[in-house]
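# Working through the structure, step by step
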Amino acid sequence: MKRRGIWLGLGAILVVIAVGLGLYQQQLGDQANAEPRGGPIELPSTEGEFSLSQLDDDQLAVVFFGYTWCPDVCPMSLAVMRQVMGRLDPEQRRRVVPLMVSVDPERDTLARLEEYMGFFGEAFIGATGSQEALEELTERYGVVWRRVETPDSAMAYTIDHSASLFLVDRDGEIRRRVLHSPTSGPLQAALEQALEEG
């Protein structure tokens, strides 16, 4: 009888733990699936102090979070942005500001960013900031990133990061979020729609 009571007690404890873990995992899932809030972007950049508020009323920034030492996703995303910019007519192109925010402030100086962004076009702006500023900004935009040490590599570390593109207006409102794609179609369609909406 005593043994049965112990087993019932242990069973109740396990149920409470399981329910608690389930609620915790649900909370983490809700955070991961939450829509990004967006908001202001104000950072030192290759064009001086950058702020979304400097954009004209009819302009949009195409914002990408990455870093210049990225071996694949970043150059591919920027190449896609360059392709789309090349397909816009001059008036549409005037209304689009391509911006990469580096999440590797240790290596990505403004001089390094200026050289790197130059490979993609004169209109491309690179920006970065302190670790604290980047953490606050990326949290608002729902961007996940972390430093991964690679001691056997000449780079010493890489940055794992999410790779969405954000179409953002001067007020920091996210008009569209475009998932990473090696082709230009999704970004072009989203950008054309957003520009039509004004």
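Residues numbered from 1 in each chain as written. Predicted model: local features only at pLDDT ≥ 70, side-chain atom pairs only at ≥ 80, totals over all residues. Heavy atoms only, no water.

Looking at an unreviewed UniProt entry, one finds the chain named Protein SCO1/2 and attributed to Halomonas daqiaonensis. Listed in UniProt under the heading Sequence similarities (unreviewed entry), the comment for the chain reads: "Belongs to the SCO1/2 family." (UniProt positions renumbered as here; feature names shortened; annotations may be inferred.)

### Points about the nonpolar core
One broad trend across soluble globular proteins is that nonpolar side chains are buried collectively. Grouped together as the largest cluster of nonpolar side chains are 52 residues, with contacts concentrated most on Ile41, Val63, Phe65, Tyr141, Leu187 and Leu191. Beyond its immediate chain neighbours, meaning those up to four positions away, Val63 contacts Ile41, Leu99, Val101, Ser164, Leu165, Phe166 and Val168. (Core = buried A, V, L, I, M, F, W, Y, C linked by side-chain atoms within 4.5 Å. Buried < 20%, exposed > 50% of the residue type's maximum accessible area, 1.4 Å probe, protein only. Contact = heavy atoms within 4.5 Å.)

### With respect to the packing of helix H2 (residues 73-87) against helix H6 (residues 185-197)
Axes are the key here: two packed helices are described by the angle between their axes and the distance separating the axes. One can describe the packing of H2 onto H6 by two numbers: an axis separation of 9 Å at closest approach and a directional angle of 50 degrees. On the basis of their axis angle, the class for H2 and H6 is oblique. Crossing of H2 against H6: the hand is right-handed. Touching Val80, Met81, Val84 and Arg87 of H2 are Leu187, Gln188 and Leu191, all from H6. A per-class count over the contact of H2 with H6 returns 5 nonpolar, 1 polar and 1 charged. (Axes fitted to C-alpha atoms, helices over the stretch in contact; angles between N-to-C directions. Helix = DSSP H or I, 4+ residues; strand = E, 2+ residues; numbered from the N terminus. Parallel < 35°, antiparallel > 145°, perpendicular 65-115°, else oblique. Left-handed = near helix turned anticlockwise from the far one by under 90°. Nonpolar A, V, L, I, M, F, W, Y, C, P; charged D, E, K, R; others polar.)

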